[in-house]
Amino acid sequence: MKNLLFIILIFILQPMQAQRTEIAWIGFEDLEDSLKVKAKPVVLYFYTDWCVYCKKMDKNAFRDPEVISTVNQDFYAVKMNAESTEPVDFEGQTFINEQAKVQRNGVHQIPQMLATREDKPISFPVVMVLDKNFRVEKRSFEYLTSEKMRLLIKG
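Thresholds applied
Residues numbered from 1 in each chain as written. Predicted model: local features only at pLDDT ≥ 70, side-chain atom pairs only at ≥ 80, totals over all residues. Heavy atoms only, no water. Axes fitted to C-alpha atoms, helices over the stretch in contact; angles between N-to-C directions. Helix = DSSP H or I, 4+ residues; strand = E, 2+ residues; numbered from the N terminus. Parallel < 35°, antiparallel > 145°, perpendicular 65-115°, else oblique. Left-handed = near helix turned anticlockwise from the far one by under 90°. Contact = heavy atoms within 4.5 Å. Buried < 20%, exposed > 50% of the residue type's maximum accessible area, 1.4 Å probe, protein only. Pairing = 2+ DSSP bridges. Disulfide = S-S within 2.5 Å. pLDDT = per-residue confidence, 0-100.

K.L.:
Please explain the packing of helix α4 (residues 65–74) against helix α6 (residues 146–154) as it appears in this structure.
P.N.:
Axis angle and axis distance: for two packed helices, these are the angle between their axes and the distance between the axes, and together they describe the pair. At a minimum axis distance of 9 Å, the contact between α4 and α6 shows a crossing angle of 20°. Considered as vectors, α4 and α6 are oriented roughly parallel to each other. Like other packed secondary-structure pairs, α4 and α6 cross with a definite hand, here left-handed. On the side of α4, the interface is formed by Glu66, Val67, Thr70 and Val71, while α6 contributes Ser146, Met149, Arg150, Ile153 and Lys154.

Shown next, in the form of structure tokens:
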């Protein structure tokens, strides 16, 4: 009887999972745990509350059914407010927003490390694709349409 119930639950829950209507975003702490269980590529999305293009991507590119499906199936997805003042524990280190102590809208250490470009100030939105070994494969520093987002995550 237990086996039958288990099989019924699988058939009920599987279509629900396949039809997700949003990306299953996680935090860096959850990412660390997930990577220990199964190595998988990662999509990182750094945004700010004041960024108009970030809001537009949230409403369009990150709501595209193909983008949602691809990201949820093939990647771990991490979304982070680049101006967060919350400490983040990752890989045995604690990362903080040092800039927030002395300036308004300071940028957290994690996006500073990963999204800084040579000879250019950091700008948002930032979408990054990392391989399963957490090495940067691609970085985008602009508004991405659904089509451009699909190209970025598919190769």
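Next comes the rest of the write-up.
K.L.:
Could you clarify how one ought to interpret the pairing of strand β3 (residues 76–81) in this entry?
P.N.:
Remark: a regular strand shows side chains that alternate across the two faces of the sheet. Where burial is concerned, most of β3 is hidden: 5 out of the 6 residues are buried. Pairing of strand β1 (residues 25–26) with β3, which is carried by 2 bridges, proceeds in the parallel orientation. The residue bridging tryptophan 25 from the neighbouring strand is alanine 77, located in β3.

K.L.:
Just to check I follow, could you spell out the state of the cysteines for this structure?
P.N.:
As used here, a disulfide is simply a covalent bond connecting the sulfur atoms of two cysteines. Counted by the stated rule, this structure contains 1 disulfide. The partner cysteine of cysteine 51 in its disulfide is cysteine 54, sulfur to sulfur 2.5 Å. On the sign convention where negative means left-handed, the S-S torsion of about 85° between cysteine 51 and cysteine 54 marks this disulfide as right-handed. By relative accessible area, which is 3% here, cysteine 51 ends up buried. Accessibility expressed as a relative area gives 1% for cysteine 54, which makes it buried.

K.L.:
Looking at this structure, I do not really get the confidence of the model for the protein. What am I missing?
P.N.:
Close inspection of predicted coordinates is inappropriate in any region flagged by low pLDDT. The predicted model of the protein has a mean per-residue pLDDT of 88, with 87% of residues at 70 or higher. Low pLDDT (under 50) marks residues 3–12, which in the prediction has 1 contact with non-local residues, meaning those over four places away or in another chain.

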